[in-house]
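Listed here are the chains, written in short residue letters.
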Amino acid sequence: MSIAGNITELKKSLPQEVTLVAVSKFHPAEALQEAYNAGQRVFGESRAQELTSKQKVLPEDIEWHFIGTLQTNKAKDIAPFIHTIHSVDSLKLLKEISKQAVKNNQTIHVLLEVHIAKEESKHGFTPQECLDFCKKQEWEELENIQISGLMSMATYTEDERIIRDEFRTLYQLFTELKNNIFINKPSFKELSMGMSHDYAIAVEEGSTMVRIGTSIFGEREY
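Residues numbered from 1 in each chain as written. Predicted model: local features only at pLDDT ≥ 70, side-chain atom pairs only at ≥ 80, totals over all residues. Heavy atoms only, no water.

K.L.:
What exactly am I supposed to notice about the pairing of strand E1 (residues 19-23) here?
P.N.:
Regular strands place their side chains on alternate faces of the sheet. With respect to burial, E1 is a largely interior element, 4 of its 5 residues being buried. In this structure, E1 lies alongside strand E8 (residues 209-212), joined through 4 bridges in parallel fashion. For Thr-19, the partnering residue across the bridge sits in E8 and is Met-209. As paired strands, E1 and strand E2 (residues 42-45) are joined by 2 bridges and run parallel to one another. Counterpart to Val-23 in the pairing with E2 is Gly-44. Considered for its hand, the β-α-β crossover made up of E1, helix H2 (residues 29-37) and E2 is right-handed. (Buried < 20%, exposed > 50% of the residue type's maximum accessible area, 1.4 Å probe, protein only. Helix = DSSP H or I, 4+ residues; strand = E, 2+ residues; numbered from the N terminus. Pairing = 2+ DSSP bridges. Right-handed = clockwise from strand over helix to strand, strands pointing away.)

Here it is as structure tokens:
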């Protein structure tokens, strides 16, 4: 099936309130343009250099999301146009994003990355660290950023119970933060979980944002 066909099928399978982030890393700008022509407007990239080069040649109304590990020194490169950064896991990074957002007169949405998977290679706060970080509220004085929710990746496994349990853990943390710390902040509403192989489970467990690459663009071109 074509990229356009894949997007149409995916959107049919998703509830209307769930945002589809088309993960376009390692795919050429032409593939993104094809997805754009099919109505897709939200794209996720994970390398600052690749993102900035694509942003220059693709339509201006694309909503760009950064979904990879962001090095502090790269925040300045994407700050002029980035909408959401999914991978914030330290106050240091948050401060730098705030600084660059102010410089560019932008408001940048951020998601706190939480490590729920069994693999050590995944990044992020532990659920307890995330809770403690939010309770401290040191981010309150930072300007031009909006903490909009949480992001995570489940263990890459065929065992649906493990995936479901991990997503459920994240949803419980999200609910606790939303009802206690972010109770007066309606902008704290996004739960970014679910990829090509597990997005259906993620949506059942409360995801509001799925990050899908392979099911749209096919296998990556390295």
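K.L.:
Help me understand helix H5 (residues 91-103) in this model?
P.N.:
An α-helix turns once every 3.6 residues. As a result, residues three or four positions apart point the same way. The terminal C-alpha atoms of H5, which comprises 13 residues, lie 18 Å apart, in line with the 18 Å expected from a rise of 1.5 Å per residue. Those residues of H5 that sit buried are Leu-91, Leu-93, Leu-94, Glu-96, Ile-97, Ser-98, Gln-100 and Ala-101. Turning to H5, the residues buried within the fold contact helix H4 (75-78), strand E4 (84-88), strand E5 (108-113), helix H6 (127-136) and strand E6 (145-151). Backbone geometry just downstream of H5 places Asn-105 in the positive-phi region, at approximately 55°. (Expected span 1.5 Å × (residues − 1). Contact = heavy atoms within 4.5 Å.)

K.L.:
Before we go on, may I ask you to explain the packing of aromatic side chains in this structure?
P.N.:
Given two aromatic rings, one states the distance between the centres and the angle between the planes to describe the pair. Throughout the structure, instances matching the rule amount to 6 aromatic pairs. Relative to Phe-133, the ring of Phe-125 lies with its centre 5.1 Å away and its plane at 35°, an arrangement referred to as tilted. Here Phe-125 and Phe-133 have matching classes, each one buried. Where Phe-182 meets Phe-188, the ring centres are 4.0 Å apart and the plane angle is 5°; that geometry is what we call stacked. By relative accessible area, Phe-188 is classed as buried at 0%. Through pairs of rings, three or more aromatic residues link up here, namely Trp-139, Tyr-171, Phe-174, Phe-182 and Phe-188. The positively charged end of Arg-41 is found above the aromatic ring belonging to Tyr-36, 3.6 Å away from the centroid. (Phe/Tyr/Trp six-rings, centres within 6.5 Å; stacked < 30°, edge-to-face > 60°. Lys NZ or Arg CZ within 6 Å of the ring centre and 35° of its normal.)

K.L.:
Explain the environment of Leu-142 here, please?
P.N.:
Looking at where Leu-142 falls in the secondary structure, it is placed in the loop between H6 and E6. What makes Leu-142 buried here is its relative accessible area of 16%. Considered as a pair, Leu-142 and Ser-98 are 44 residues apart in the sequence and their alpha carbons are 6.1 Å apart.

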